[in-house]
Amino acid sequence: MGNSYAGQLKATRFEEVLHNSIEASLRSNNLVPRPVFSQLYLEAEQQLSSLEGGSHVDNEEEEEEGEGGPDPNGPPNPYQLPPAPEGCCTTDGFCQAGKDLRLVSMSSEPVDVPAGFLLVGAKSPSLPDHLLVCAVDKRFLPDDNGHNALLGFSGNCVGCGKKGFCYFTDFSNHINLKLTTQPKKQKHLKYYLVRNAQGTLTKGPLICWKGSEFRSRQSSAGTCSSSLFPPLDSSGPLAAFPSESVPGTNPGVLMGAQQAGPAPDHPSLTSASGPAVFNGKDSPKHQQLAKSSLSAAPRPSALGILPNSGPPKKRHKGWSPESPSATDGGYSQSSGNRAKYEGAGVSCVPQAGLVGPASVSFPVVASGEPVSVPDNLLKICKAKPVIFKGHGNFPYLCGNLSDVVVSPLLYTCYQNSQSISRAYEQCGASSIQPISEEMQLLLTVYYLVQLAADQVPLMEDLEQIFLRSWRESHLTEIRQYQQVPSQPYPPAPSTATPVTSAQLPWLAGLAASSCNDSVHVIECAYSLAEGLSEMFRLLIEGKLAKTNYVVIICACRNAAIDSCIAVTGKYQARILSESLLSPAEYQREVHYELVTGKVDSLGAFFSTLCPEGDMDILLDKFHQENQGHVSSSLPASSVTQAAALDVSGTPVCTSCHLEPRGVRPFQLAVAQKLLSHVCSIADSSTQNLDLGSFEKVDFLICIPPSEVTYQQTLFHVWHSGVLLELGLEKEPMTKQRVEQYVLKLDAEAQTRFKAFLQNSFQNPHTLFVLIHDHAHWDLVSSAVHNLYSQSDPPVGLVDRLLNCREVKEAPNIVTLHVTSFPYALQTQHTLISPYNEIHWPVSYSNGVDLYHENKKYFGLSEFIESTLSGHSLPLLRYDSSFEAMVTALGKRFPRLHSAVIRTFVLVQHYAAAMMAVRGLPQMKNHTSVETLEITQNLLNAPKQCPCGHGLMVLLRVPCSPLAAVAYERLAHVRARLALEEHFEIILGNPSSGITVGKHFVKQLKMWQKIEDAEWRPQTYLELEGLPCILIFSGMDPHGESLPRSLRYCDLRLINSSCLVRTALEQELGLAAYFVSNEIPLEKGAKNEALESDGEKLSSTDNEDEELGTEGSTSEKRSPVKRERSSSHDSASSSLSSKASSSALCSETSAQVSGPPQGDQARSPPPCGPAEEARAAGEKLWLRTSQGPPMGISRQGPGHPPPPDCGLRTSQRGLQVSVTASSQLPSLGSTSMSTAPATGTLVLQASQCSVTKACRQPPTVFLPKLVYDVLVSTDSSGLPKAASLLPAPSVMWTSSFRPLLSKTMTSTEQSLYYRQWTVPRPSHMDYGNRAEGRVDSFHPRRLLLSGPPQIGKTGAYLQFLSILSRMLIRLTEVDVYDEEEINTSLREESDWHYLQLSDPWPDLELFQKMPFDYIIHDPKYEDASLICAHHQSIKSEDRGISRKPEDLYVRRQTARMRLSKYAAYNTYHHCEQCHQYMGFHPRYQLYESTLHAFAFSYSMLGEEIQLHFIIPKSKEHHFVFSQPGGQLESMRLPLVTDKSHEYIKSPTFTPTTGRHEHGLFNLYHAMDGASHLHVLVVKEYEMAIYKKYWPNHIMLVLPSIFNSAGVGAAHFLIKELSYHNLELERNRQEELGIKPQDIWPFIVISDDSCVMWNVVDVDCAGERSREFSWSERNVSLKHIMQHIEASPNITRYALLGMRKWASKTRGGEVREPFSRCHVHDFIILNVDLTQNVQYNQNRFTCDDVDFNLRVHSAGLLLCRFNRFSVMKKQIAVGGHRSFHITSKVSDSSAAVVPAQYICAPDSKHTFLAAPAQLLLEKFLQHHSQRFFPLSLKNHSHPVLSVDCYLNLGSQISVCYVSSRPHSLNISCSDLTFSGLLLYLCDSFVAASFLKKFHFLKGATLCVICQDRNSLRQTVVRLELEDEWQFRLRDEFQTANAKEDRPLFFLTGRHI
């Protein structure tokens, strides 16, 4: 017992935890002094402990395990508890008096604490989850150094109030601790207890018992790496980060490397849990690392300021392995230094109202004696030293801690660099050792030595040095891996011989000796404490004035080193310490300095600088002198000046008139890319998006809470016309209606978003596109939001709304993230699939312009190029005199934040420049040349334009309080100088709109011809042409677009320590611009551009997206001449009007020569309006005049060519008046109006700032630090900015990552970031832990990225339009819409079916009707006419036939909306038919069985073997010999069945080549009714059809029919069906059913029948000719059941219906039934037609042939005229599947039909096609060769016996059947011009042919299977009696012998 420190174990593990918690706690900045410990711990612990409900602290696990059993180091016998007094309470958590002492019970109870006592929490081993409340005299507790606690104990029981316990043993008995070991206060009094803001008692900081005897076993230290704050119970990942809009700050600088916290030295798998993700290293690898580590003893790891949750404690109930904080594998959980800027803010959650500087960091791990920080350190040194903990232990600091900053980031970097990358693991960890600690330190010294005095160390540089050094030392092992180009770093010492710790100080000193004392090395003998003390002493003595870095090395301890590095250079220390502040802290710090008046000293200092007295005194004096009259040197631009030509031709500025303009080619290309990605999601087999089920598109655009961005987006949506196009709104639209579609993510957003979700839920057939614009903003996890004060609702809002479960699960919501900076959405945990990323396309490739646009984008890469040599005036600049003044003032005012100093200096410069231009030349010395240039041009520009158009100066002041100060000061100076009407000063704040003075509003309205009295500008684009300074505040821009009159972008005040790629590119994105593309290029520039065109990567990294041309000079991509005219010369400090006018006169006088060659043809470049020029994507363009360009002669070096736009003359009539209602508020102002091309006019027009704006992007001024980062490149040419950490909310997985490459495309960069970055715990994607697994991506989420201001808004609005058009198109179908042909040739018979209202045909009436032989189906327009009885056909009656080559000309179609009764192809997925299709997600793909079915058929002479594929779900339609046995038959219903539940007739659909597009889904067409549907497929297509239609029955044709036509399929269907009818009759006869009662019909349907219609006829009377009719869509079920219910239906052989046509005439539907041909969809009676077969060889017209056979057999064909079928146009498959090609492979020439036949035995090229197909095609196109007399001779047709062959449209045929008793037309009075005998059978006899009469010279064609049959037929039919044959009249189809050609013989009638 007691407090002796002698001989106790050093628990370094405990110290580590302890001191890190101290460091975390000291982040608070409360000014009220409190007792030391509450001051140290309150903020850090109180918030989290209340969240955790009793969290566990580090070392608890070791301690508890130690307590669980006897102490191995303790006495041999366990400690015996004295027995409790009789009757006492012994319950755990209660005192012996029975009072509850548990913290959870007492947290809100009032506790009486005597003076001098503190409340502490005691831990009971039996209650691990509770603390017991005790009151202890604070004299017996240690101070903050762990010392000075009195021996002994004095405490009270707060339960029963018993006082005066003098021994801890007694006290522990009283409170029932029930210990098994000797009671010790050091072990069991664990925490201070403190009251939080609500007055609740909560667990506070650890009690700092110095050297307490905790059994921190070695093994335990190796296996446990917990942290102070375990995961929140059941709340997912812990994310304790204070409020700020963008988490994290400056990872790029050494302090801000934003690496993951250091991994512990000995982590293991047991510690791999919790949400903190570290460096992408697996735990086993760390163990390997630990083994090879130099130090044998476990070194503590740095816990850092805000550790995240560690592994769960053994009894931590809230944690479960499934919880999101559990490890998903692959990451070791380390004890996690997140460092305060890591995503967060100060230590934990800052209290409301916290003020004061928040810059104190605390040491991380302490060892040995503390080091005292001297009192006046900051005052003496003029900067706070920044101390980086390096290797080993770090001493404890005490004293004046506010004057130093301690950071663990270098330690983190060292740890990361010691982890060997995954990429090299395959080499085997044994062969590759990490870089040694000594080498790391030595390389760090080398790096610091070569830094220039104005450079700040960058963490990325150091990591790359380590990587390169390690690679070089292990070159042999990693040679097969990626080679990295050498970096421009100092040469690393050779690592062949390892550096020992003894050599290290000497080598470090040697390295530092060459740097003029910039780096100072201190070597310590015993511990770092000596070195730190020495450093502080040297600092106080001023001996380190020239030293920027102090390296302290202690290399004596067990051959392991301790080290730290202090940054003492004033410039570097200031930047590094400020870079630690999060945005919220930065704002708070600045606000504090402004509120407390600290800045007053700065103002006082400025007033002493001016020799003429204080600036305000000068201003007042000027004001008094000039009151009442304005200096004539600056005439205020008059509002009354006309903006059009007056009659006298007075020159005025030419106003640009607006003209509506379509979407730019780039935007259209991007919109189409977006659409194709959406389609690919829909097409994928995952069925995550069913586009077919949507009828319309709706959308919601979510934007950051910026009023200007909101108005800008509303404006785009309104004017894009998208709302009208989507049918969401109707004209006239109101602004209130448009506002429904744009959501500002502010406090009201949640309500509106709920309404959006409700709307999407209620409209499942609407596709909702949720567009998240500016998507890199607010990626904070919503879990973190709970830790923020409720006053900041936007934090975490994106996650809460867009990632909510409803959005993720809604099948009709597609989320589109749109951003210029997608990096934070490209991590290992992203929800967006890499396949769903769309990048802005490159403008051209290999010198070819891919999208011709007359504007070129000028982005970051072009700005950087302008800094290269060869440009007279770079567009990126820094202001050296401004930087020098800031640095000097920084040393003078070390306690002021540099943002405050910079702002005050810059405002001072602007004020002085205004005074200098206004006539106080002495003030020039108090401003910089750059500021003077800006001010001169701002004030002079309006004078150079007749209308007073001016330029905009953007002054970026991120910190809102400073922006307000700048605004007030500049407005004051402007007022004193009487410049209020010369230019406006606008304060741009994201949360509020724009305020512009009345005078300037009046001017804007005049320029833009706006008549609305209430109009005010609401976006920056509407300030076009207004001379103004826009003070743009807000920590981040929120997507605001700027007008093209922007001339200067002053970014000198941006947070220069914020070196993150997103932040840099975002700020520079403000200046992105479109410039005119029409200026002729000089030769040299072009060549130069082409040479360097291969370099892809710009620093904005939009190589494959950036509109500019990457890597080439800006001359090429933005043909901007860098003008160094006097008005733009930053070197000239004053602009005299004399100089400018003389320069202009010389320019004008030079314009006499003619235009350069080739320039006349160029159309003048439009001066695009602001929004187009800024690429905001409107559909507007400015009209320019079409005059010829004036010539530009070569000028002297001093005179650049004058601006292009100004030299255009324009024509008078082009001005268009735009009314106020349709006028866009932000429209461009200055048109190039007509004027004579006089010198003066050109002079003035060319000087108008708006005119110039078309040609030149703005000039950008940057802080020196940012400028250096932007313009420096590595050896590969990659800008350094691109290799920075991509976003503050992510971190690198490893230091050992390859570098980005300059040639990477955006897609490759995305994959790079996806591999090498992970989100921080505060990031919304943090919980999405399934790294890289496809199922972790959200299927309906897309990411569109493109450079800033390039037109992404226009692109996604265009995407919505084309998506809507496509959805409408998906619900539509192209159906054939052709009128019936040959209607004038109908039989004029006395017999019509006159019972107009009959629903079914009357059999007796119908039998009396004659058969109409004429074909009326329009698809047979090219077929031969069939002659009937008494037709008198004149040749002109026949429509002009198409030429053979026109045969495949597109047939006429109509677009129809699909009805609910349509048939669908495989692309249709809806809930109802999932099961029908066999794709139901709950079931496996339907199992099918293959069944053979054989029957014999005499005509084929062999048994036919067919195969059925029958899904299990369809087996009930069939009869099997036994379950799973032989297939016996297909079940058929009875004729007498009257059920309406099913369709009786089985449907057969023959199909080929249409597995995807065939319309086989009849579920909706049949209205869900049960039906039997069989697909008839060829054997070689069986597998693919089965894949697409797993739940359909397939009938597979024998392989011999693989090359057969549709006739074979029809033949087999019919024969199979008859055979099945016989089987069913036999089967059911046994059941007592008569054979004639079995249903004999089948349906044979085309695979393109899509919808069915019925005509409703209203007959006025029975016989009346008056009738009206209408057509409607009905289900196939309705039609089939109607037809199947016909009376006497079994007496009809064939039933069919009309083909639909839009121009159907009343006459065609007047008669309900016709006896004529039926096609496409037929109902066939297989019983009646038993003896009539389809011709199995036919490819075309087989239905006409069959119809004629059926009729001639005396059977009835009936067409229901009031039913019609619509046929879809399908471009693939069907008859198109047959291609006729040559058998000779190398013959590429097309084969024409004339080559389809040849003479026998000739050397003709044989064709690879069936003989029958060649025959049919030849006869169709060239039958006139065989029947010359028949051509157009319709009165003398060709006699065709037993078959119908198409002989072409100009030849008529007469069909006769040779069968006995057949019906034929009377031919007695007909004379034929030809005879066609096709494969005639024995029924054709010589006597039969002799009945017919032929013209003299008529021709005969006999066609047989072979030459032998040909001769036999001629003999058998006695043909030689009447016909003359010649040898040369024999032909064959052009087939090889093995392909069995057909043979022809032709002859002439004698």
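Reading the values: the criteria
- Residues numbered from 1 in each chain as written.
- Predicted model: local features only at pLDDT ≥ 70, side-chain atom pairs only at ≥ 80, totals over all residues.
- Heavy atoms only, no water.
- Helix = DSSP H or I, 4+ residues; strand = E, 2+ residues; numbered from the N terminus.
- Buried < 20%, exposed > 50% of the residue type's maximum accessible area, 1.4 Å probe, protein only.
- Areas by Shrake-Rupley, 256 points an atom, 1.4 Å probe, with all protein chains shown as cover.
- Expected span 1.5 Å × (residues − 1).
- pLDDT = per-residue confidence, 0-100.
- Contact = heavy atoms within 4.5 Å.
- Phe/Tyr/Trp six-rings, centres within 6.5 Å; stacked < 30°, edge-to-face > 60°.
- Pairing = 2+ DSSP bridges.
- Core = buried A, V, L, I, M, F, W, Y, C linked by side-chain atoms within 4.5 Å.
- Axes fitted to C-alpha atoms, helices over the stretch in contact; angles between N-to-C directions.
- Parallel < 35°, antiparallel > 145°, perpendicular 65-115°, else oblique.
- Left-handed = near helix turned anticlockwise from the far one by under 90°.
- Nonpolar A, V, L, I, M, F, W, Y, C, P; charged D, E, K, R; others polar.
- Salt bridge = Lys/Arg side-chain N within 4 Å of Asp/Glu carboxyl O.

The helix and strand inventory of the chain stands at 53 helices and 58 strands. Looking at the chain as a whole, 62% of its 1950 residues qualify as buried. Counting every atom, the chain has about 71,700 Å² of accessible surface; 53% of that belongs to carbon and sulfur.

This brings us to the environment of tryptophan 209. Position of tryptophan 209 relative to the elements: it lies in the loop between strand E5 (201-206) and helix H7 (218-223). The exposure class assigned to tryptophan 209 is buried, which follows from its relative accessible area of 4%. Counting along the chain gives 20 residues from tryptophan 209 to leucine 189, while the straight-line C-alpha distance between them is 9.4 Å.

Right, let's talk about helix H43 (residues 1352-1370) for a bit. With 19 residues, H43 extends 26 Å between its outermost C-alpha atoms, agreeing within 8% with the 27 Å of an ideal straight helix rising 1.5 Å per residue. In terms of burial, H43 is largely enclosed, as 15 of its 19 residues are buried.

This prediction gives the chain a mean pLDDT of 77; 71% of its residues lie at or above 70. A low-confidence stretch, residues 27-77 (pLDDT under 50), is modelled with 136 contacts involving residues beyond four sequence positions or located in other chains. Contacts from residues 655-660, a stretch scored under 50 in pLDDT, to residues over four places away or in other chains number 35 contacts.

The full count for this structure, using the stated rule, is 40 aromatic pairs. Aromatic side chains tyrosine 1048 and phenylalanine 1261 sit 6.2 Å apart centroid to centroid with 15 degrees between the ring planes, which places their arrangement in the stacked category. With tyrosine 1048 in strand E26 (residues 1046-1050) and phenylalanine 1261 in strand E29 (residues 1259-1262), this residue pair connects regions lying 213 residues apart in the sequence. Like tyrosine 1048, the residue phenylalanine 1261 is buried in the burial classification.

The next subject is the sheet that holds strand E56 (residues 1893-1904). Taken in spatial order, the eight strands of this open sheet run E34-E54-E53-E55-E56-E58-E57-E51, and their pairing is mixed. The sheet is open, and its two borders are formed by strand E34 (1425-1426) and strand E51 (1797-1798), each paired with just one other strand. Pairing of strand E57 (residues 1923-1933) with strand E58 (residues 1943-1949), which is carried by six bridges, proceeds in the antiparallel orientation. Of the residues in E58, the one forming a bridge with phenylalanine 1925 is glycine 1947.

Moving on to the nonpolar core. Counting 116 residues, the largest nonpolar core has Phe1508, Leu1877 and Leu1919 as its most contacted members. Sort the elements by how many residues they give to this core and helix H47 (residues 1606-1629) lands first, with eight residues. Once you skip the residues sitting within four places of it in the chain, phenylalanine 1508 turns out to touch Thr1489, Leu1490, His1491, Phe1493, Phe1518, Leu1527, Val1574, Ile1593, Met1594, Leu1595 and Leu1616. Cys945, Ile994, Leu1004 and Ile1010 belong to the second largest nonpolar core, which has 94 residues in total.

A word on unusual backbone geometry. The step from glutamate 731 to proline 732 runs through a cis peptide bond, and the omega angle for that step is -10 degrees. Of note, alanine 978 is a non-glycine position whose phi angle comes to about 55 degrees, a positive value. Inspection of the secondary structure puts alanine 978 in the loop between helix H32 (960-976) and strand E24 (984-988). Its identity as a non-glycine residue notwithstanding, leucine 1879 has a phi of 45 degrees, on the positive side. The exposure class of leucine 1879 is partly exposed, given its relative accessible area of 26%.

Below, the discussion takes up the packing of helix H29 (residues 880-892) against helix H30 (residues 898-917). One way to put it is that H29 packs onto H30 with a least axis distance of 10 Å and a crossing angle of 135 degrees. With respect to H30, the axis of H29 lies oblique. Crossing geometry of H29 relative to H30 is assigned as right-handed. Across from Phe882, Glu883, Met885, Val886, Leu889 and Gly890 in H29, the residues of H30 making contact are Ile901, Arg902, Val905, Leu906 and His909. Here the residues of the contact of H29 with H30 are counted per class, giving seven nonpolar, two polar and two charged.

Among the five residues that make up strand E43 (residues 1641-1645), five are buried, leaving the element largely enclosed by the rest of the structure. Side chains Phe1641, Val1643 and Ser1645 of E43 all project onto a buried face; the interleaved residues Ile1642 and Ile1644 project onto the opposite face, where all are buried too. Where strand E40 (residues 1547-1550) lies against E43, two bridges are found, and the strand directions are parallel. Across the sheet, threonine 1547 pairs through a bridge with valine 1643, a residue of E43.

Read from one edge of the open sheet, five strands run E3-E2-E1-E4-E5, paired in antiparallel fashion. Bordering the open sheet on either side are strand E3 (155-157) and E5, each of which pairs with just one other strand. Shown here is a sheet whose adjacent strand axes are inclined to one another by a mean of 45 degrees, direction ignored. Summarising the sheet, strand E1 (residues 117-124) and strand E4 (residues 189-195) pair through three bridges and their orientation is antiparallel. When the sheet's bridge partners are listed, alanine 122 is paired in E4 with leucine 189.

Another aspect to go through is the pattern of salt bridges. The full count for this structure, using the stated rule, is 59 salt bridges. A salt bridge links arginine 805 to glutamate 809; the shortest N-O distance between them is 3.3 Å. Of this pair, arginine 805 and glutamate 809 are both found in helix H27 (residues 805-809), four residues apart, which corresponds to roughly one turn of the helix. Between glutamate 1918 and lysine 1890 there is a salt bridge whose closest N-O contact spans 3.0 Å. Here glutamate 1918, found in the loop between helix H53 (1907-1916) and E57, pairs with lysine 1890, found in the loop between helix H52 (1886-1889) and E56; they are 28 residues apart in sequence, far enough to count as distant. The class for glutamate 1918 is partly exposed, based on a relative accessible area of 40%.

Moving on to the packing of helix H11 (residues 437-449) against helix H12 (residues 459-473). With their axes 10 Å apart at the nearest point, H11 and H12 run at an angle of 125 degrees to one another. When the interaxial angle is binned, H11 and H12 end up oblique. Two packed elements cross with a definite hand, and for H11 against H12 that hand is right-handed. Judged by residue contacts, Met439, Gln440, Leu443, Thr444 and Tyr447 of H11 engage Asp461, Leu462, Ile465, Phe466 and Ser469 from H12. Of the residues belonging to the contact of H11 with H12, the class tally is six nonpolar, three polar and one charged.

With respect to burial, helix H34 (residues 1061-1068) is a largely interior element, eight of its eight residues being buried. Three or more residues of H34 are buried, namely Arg1061, Thr1062, Ala1063, Leu1064, Glu1065, Gln1066, Glu1067 and Leu1068. Along its buried surface, H34 packs onto helix H28 (860-865), strand E22 (876-878), strand E23 (952-956), E29, helix H41 (1264-1271) and helix H42 (1306-1316).

Let us look at the pairing of E5. Among the six residues in E5, six count as buried, and that is most of the element. Taken together, the four bridges between E4 and E5 define a ladder with antiparallel strand orientation. The partner of tyrosine 191 across the bridge, within E5, is leucine 206. Counted between consecutive antiparallel strands, the loop separating E4 from E5 contains five residues, among which glycine 199 sits at a positive phi close to 85 degrees.

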